[in-house]
Amino acid sequence: MKPAFFVLTLLLSLGIATAAQAQARSGGSPAPSTTAKPTPPTPTATPSTPPKPTPATPTAAVSPTIAGVVLPADYVIGPEDILTIVFWREKDLSSDVVVRPDGRISLPVIQDIAAAGLTPEQLRANLTTQAERYVEDPNVTVVVKEIKSRKVFITGQVARPGPYLLTAPVNVVQLIALAGGLLEYADAKNIVVMRTENGAPTSFRFNYKEVAERKNLKQNISLKPGDTVLVP
């Protein structure tokens, strides 16, 4: 074998051995480099469908609210009272009416109907019955707009004799005060309250001086519509 070829073979062997040792020291075959996989995008939540609005439930028709006067507990309709009659959804039948001296009222289509001596509820029932001939299922409201029938009267020796509307409870002393008080020559001991009950006339004696002295206070009675106080 030639010396030159021997040297070349020796050097090549040494290089291979050195490379093998270096690889062993580094822990084996080098790991191939890896590229980080991209993180897939997180799917977004599907927007929820908004709830459908619930259709409003139709409400039943009701009669309109109409303001009227505050009625006394014993109130019945009388002549000169002003009433508002409302037929729901029937404007042609609705009207403001005045109770005539004969106690009746007049309405479109229905014409005359008795009102005096009835409560508003009784009149409403009668109007409903009458209206059924012209309207299907009539809805009627009766409102007392003004009370002019409830009057008491005082005459004789007072400053302002005449009729007075009885819109609230009034006794004999209070009516005398409303009438301006007794005149100088009034017979204060023999005042008379005249009243008609069940069609029969009756009377009550009233002694103003006794009441002023806080005696026999029961004679200071509450007045009723139609009473007349006579001061001699």
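Scroll up to find the structure this text is about.
Worth saying up front: this structure is predicted, and the values here are computed from it rather than measured.

**Q** Just to check I follow, could you spell out the environment of R195 for this structure?
**A** Its location among the elements puts R195 in strand β8 (residues 191–197). Along the backbone, R195 and L223 are 28 residues apart, and their C-alpha atoms lie at a distance of 9.0 Å. Ignoring any residue separated from it by four or fewer positions in sequence, one finds R195 in contact with A200, P201, T202, F204, I221, S222, L223, K224 and D227. Side-chain polar atoms of R195 contact the side chain of D227, separated by 2.7 Å.

**Q** Hey, could you run me through the sheet that holds strand β1 (residues 82–87) in this one?
**A** What the three strands build is an open sheet, ordered β2-β1-β5; its pairing is antiparallel. Two strands close off the open sheet at either side, each with one partner strand: β2 (95–98) and β5 (140–146). Taken pair by pair, the neighbouring strands of this sheet meet at an average axis angle of 25 degrees, ignoring direction. Pairing geometry for β1 and β5, over six bridges, is antiparallel. Across the sheet, the residue bridging to F87 is V140, located in β5. Where helix α2 (residues 120–131) meets the sheet, it contacts β1 and β5, and its direction lies at approximately 135 degrees from that of β5.

**Q** Would you explain the nonpolar core in this entry?
**A** Across soluble globular proteins, nonpolar side chains have a tendency to be buried as a group. By size, the foremost hydrophobic cluster in this structure holds 22 residues, and its most contacted members are L83, I85, F87, I105, L107, L123 and L127. Where this core is concerned, the elements lending two or more residues are β1, β3 (104–107), α2 and β5. Apart from residues no more than four positions distant in its own chain, I105 is found in contact with V97, V98, V99, R100, Q111, D112, I113, A115 and L123. Formed by 19 residues, the second largest nonpolar core is a distinct cluster that contains I154, I176, I191 and V229.

**Q** Explain the environment of A168 to me, please; I cannot follow it from the model alone.
**A** Following the sequence through the fold, A168 ends up in the loop between β7 (162–165) and α3 (172–178). A relative accessible area of 42% means that A168 is categorised as partly exposed. As a C-alpha pair, A168 and V70 span 98 residues in sequence and 9.7 Å in three-dimensional space.

**Q** Is there a simple way to think about the pattern of salt bridges in this case?
**A** Pairing between side chains of opposite charge can happen when their charged atoms approach one another. Under the definition given, this model contains 11 salt bridges. Notably, a salt bridge pairs E197 with R195, separated by 3.7 Å at the nearest N-O pair. By relative accessible area, E197 is classed as partly exposed at 34%. The exposure class of R195 is buried, given its relative accessible area of 9%.

Cut-offs applied
- Residues numbered from 1 in each chain as written.
- Predicted model: local features only at pLDDT ≥ 70, side-chain atom pairs only at ≥ 80, totals over all residues.
- Heavy atoms only, no water.
- Helix = DSSP H or I, 4+ residues; strand = E, 2+ residues; numbered from the N terminus.
- Contact = heavy atoms within 4.5 Å.
- Polar contact = N/O pair within 3.5 Å; in protein donor to acceptor, adjacent residues only side chain to side chain.
- Pairing = 2+ DSSP bridges.
- Axes fitted to C-alpha atoms, helices over the stretch in contact; angles between N-to-C directions.
- Core = buried A, V, L, I, M, F, W, Y, C linked by side-chain atoms within 4.5 Å.
- Buried < 20%, exposed > 50% of the residue type's maximum accessible area, 1.4 Å probe, protein only.
- Salt bridge = Lys/Arg side-chain N within 4 Å of Asp/Glu carboxyl O.

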